[in-house]
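The residues making up each chain are set out below.
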Amino acid sequence: MVFGDIFLVLVVLLFIYYTVAIAMDLLIKPASAENAKENEETEIDITEEAAGFRTTEITRDMKAPKPNAPKTAEAPKVRRPLMTNGLPVEKLVAQVQNLPNTEDAELEGLGAIVAKCEKAA
């Protein structure tokens, strides 16, 4: 099929689609309007509930933030290395240093990046 044939088929299908849509709107809409009369919303009177409503004011104690007083010069506390997925940090560092020599296909590109960074440093 050439472009002209495909275009003609699409135009005919579009014409049929809109013809059916207009026909359904004209024929089905009046029937649904009769059903809408049956399903009207009912009003609910809430004047009794509204009359008994009391507002409540909520207050919070707003304290001024304390200014950060400069502390005396203390030596920073040294934290121990955290566990990384159950591997001790020393072992993880050793694996990263051995990364350029790995034969794992997923880590091969990462190993090249690590090797390039080590050469630059």
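Computed from a predicted structure; not experimentally measured. (Residues numbered from 1 in each chain as written. Predicted model: local features only at pLDDT ≥ 70, side-chain atom pairs only at ≥ 80, totals over all residues. Heavy atoms only, no water.)

A. Up close: the overall build of the protein. The secondary structure content of the protein amounts to four helices and zero strands. Helices (α) and strands (β) of the protein occur, in sequence order from the N terminus, as α-α-α-α. The 121 residues of the protein split such that 3% are buried. (Helix = DSSP H or I, 4+ residues; strand = E, 2+ residues; numbered from the N terminus. Buried < 20%, exposed > 50% of the residue type's maximum accessible area, 1.4 Å probe, protein only.)

B. Spatial organisation of the packing of aromatic side chains. Scanning the entire structure with this criterion turns up two aromatic pairs. Relative to Phe 7, the ring of Phe 3 has its centre 6.0 Å away and its plane inclined at 25°; by these criteria the two rings are stacked. One end of the pair is Phe 3 and the other is Phe 7, both in helix 1 (residues 3–38) and four residues apart, which spans about a single turn. Look at Tyr 17 and Tyr 18: their rings are 5.3 Å apart centre to centre, the planes differ by 70°, and that puts the pair in the edge-to-face class. Tyr 18 sits in the partly exposed class, given a relative accessible area of 47%. (Phe/Tyr/Trp six-rings, centres within 6.5 Å; stacked < 30°, edge-to-face > 60°.)

C. Structural detail: a negative patch on the surface. On the surface, Glu 43, Asp 45, Glu 48 and Glu 49 cluster together to form a negatively charged patch. Residue position: Glu 48 is located in helix 2 (residues 47–51). Using a relative accessible area of 68% as the deciding quantity, one classes Glu 48 as exposed. (Patch = residues over 30% accessible without salt bridge, like charges linked within 9 Å, V, L, I, M, F, W, Y side chains within 5 Å. Areas by Shrake-Rupley, 256 points an atom, 1.4 Å probe, with all protein chains shown as cover. Salt bridge = Lys/Arg side-chain N within 4 Å of Asp/Glu carboxyl O. Lys, Arg positive; Asp, Glu negative; His and termini not counted. Charge placed at Lys NZ, Arg CZ, Asp CG, Glu CD.)

D. Looking closely at the confidence of the model for the protein. For the protein, the average pLDDT comes to 76, and 63% of its residues sit at 70 or higher. Here helix 4 (residues 108–120) stands out as the element of the protein with the lowest mean pLDDT, 71, in contrast to helix 1, whose mean of 85 is the highest. (pLDDT = per-residue confidence, 0-100.)

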